[in-house]
Amino acid sequence: MNTAMIRQTVRRIDDWLSCEPVFCADSGAVAGVTSGDGVVYWYGEIAGYYLAYLASLMVETSKKQRFAKHAARQVGLWIRECWTSEIATTRIYTGKSADWRNDYIFAFDLAMILKGLASARACGVDAWRGRQISEFIKSEFIDERGSLRAVIARTSNQPPDTWSTGIDGHQLKSAAGLIAWGKHSNDRTMYRLGQSTLQSLTRGGICDWPHLPLHPRLYALEGVLLCGLAKPGLMAPVLTSILISIDIVTERTDVIAQLLRLALFAQMEGLLVDTLALHLLDSIDADGSVVFRVNQIDEERNTWCAIFARQALHFYNEAICGRKVQSGLCI
């Protein structure tokens, strides 16, 4: 594989991620989905990923390091603004939408915001401290047993029975975010909440959560690594089993990126890993944006697909060059 070509592709993604409509330099707003030159909706969870992405640029001592530090401060200010006067909407649409997610607030989303803020602050960036979000979690997301709630409702409607509204393996990534936040902010309540969530989800041992759809299943495996529950190399058999059971051509790009990251953390190599990388490279347009599915024609572009793909390809290039990738950097 041509490492110079991969580096060039990563830079193209960086360029797309650093400009409007994805990132608004004036307000610090981060789009979840864009279409052409416009924003479909902004998304708090994705702002958390974006902060972690910016932190990764600082860790890499990227040429965009100065941009990353400034942007992280701006994103922190935007999140603060969203939470200062009222509880932020899950997805902030530019037009009318009947998105059911906006009837609820998700623990996973808030944990990813806090994880992103902790990542930025760990790099020395004076980003917003996120106190309103952490206090909101303490007051609303801890049940009578002291356990984490997956979701709370804004309305009287019952949440749908889907993976994002439940406490399951994917919440290990939430636990990782809460633990990271608790450590960095010296917040014992949040740290204990993350630890208790981790212990509850692994009480029967660590599994690979085969009952979950692939996207949250991979969140679970990422949480396992971020929480230090297993050595990365032990995941190779699980990932191999997943890879030989799916059709890469029809899979979502964010999922392919998750698979590639996990495979690299597990120090896997060979045809299966190379095929994931090639598929990701095929998903990237000339402007650096990333399609949601390679076999699907759509003008919309997902910011999180680009963030995940960018990190996966960067790690892939590092592995080709003989450098070890660190699972603790997983966005």
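Residues numbered from 1 in each chain as written. Predicted model: local features only at pLDDT ≥ 70, side-chain atom pairs only at ≥ 80, totals over all residues. Heavy atoms only, no water.

Q: Any details on the side chain of threonine 253? Residues and values, ideally.
A: Looking at the secondary structure, you find threonine 253 in helix α10 (residues 253-265). Residues contacting threonine 253, with those up to four places away along its chain left out, are Leu280, Ser283, Val290, Val291, Phe292, Arg293 and Cys305. (Helix = DSSP H or I, 4+ residues; strand = E, 2+ residues; numbered from the N terminus. Contact = heavy atoms within 4.5 Å.)

Q: Give me the lowdown on the environment of glutamine 171, citing residues and values where you can.
A: Along the chain, the position of glutamine 171 falls in helix α6 (residues 171-185). As for glutamine 171 and tyrosine 219, which are separated by 48 residues in sequence, their C-alpha atoms are 7.8 Å apart. Excluding anything up to four places from it in sequence, glutamine 171 contacts Phe108, Leu148, Ala150, Gly166, Thr197 and Leu201.

Q: Pulling in residues and values, what's your account of the state of the cysteines?
A: What the rule picks out here adds up to zero disulfides. Residue cysteine 227 stays outside any disulfide, its sulfur separated by 11 Å from that of cysteine 330, the closest cysteine. Taking relative accessible area as the criterion, cysteine 227 reaches 19% and is therefore assigned buried. (Disulfide = S-S within 2.5 Å. Buried < 20%, exposed > 50% of the residue type's maximum accessible area, 1.4 Å probe, protein only.)

Q: Tell me about helix α12 (residues 303-320), and please be specific about residues and values.
A: Between its first and last C-alpha atoms α12 spans 26 Å; for 18 residues at 1.5 Å apiece the expected length is 26 Å, and the two agree. Looking one or two places after α12, you find glycine 322, whose phi comes out positive at around 85°. (Expected span 1.5 Å × (residues − 1).)

Q: Tell me about the sheet that holds strand β6 (residues 300-302), residues and numbers included.
A: The strand order β3-β2-β1-β6 describes an open sheet built from four strands, whose pairing is antiparallel. Each end of this open sheet is capped by a strand with a single partner; those strands are β3 (91-93) and β6. Strand after strand, the sheet turns through a mean of 20° between neighbouring axes, direction not considered. Taken together, the four bridges between strand β1 (residues 31-35) and strand β2 (residues 38-43) define a ladder with antiparallel strand orientation. Pairing of alanine 31 across the sheet is with tryptophan 42, part of β2. (Pairing = 2+ DSSP bridges. Axes fitted to C-alpha atoms, helices over the stretch in contact; angles between N-to-C directions.)

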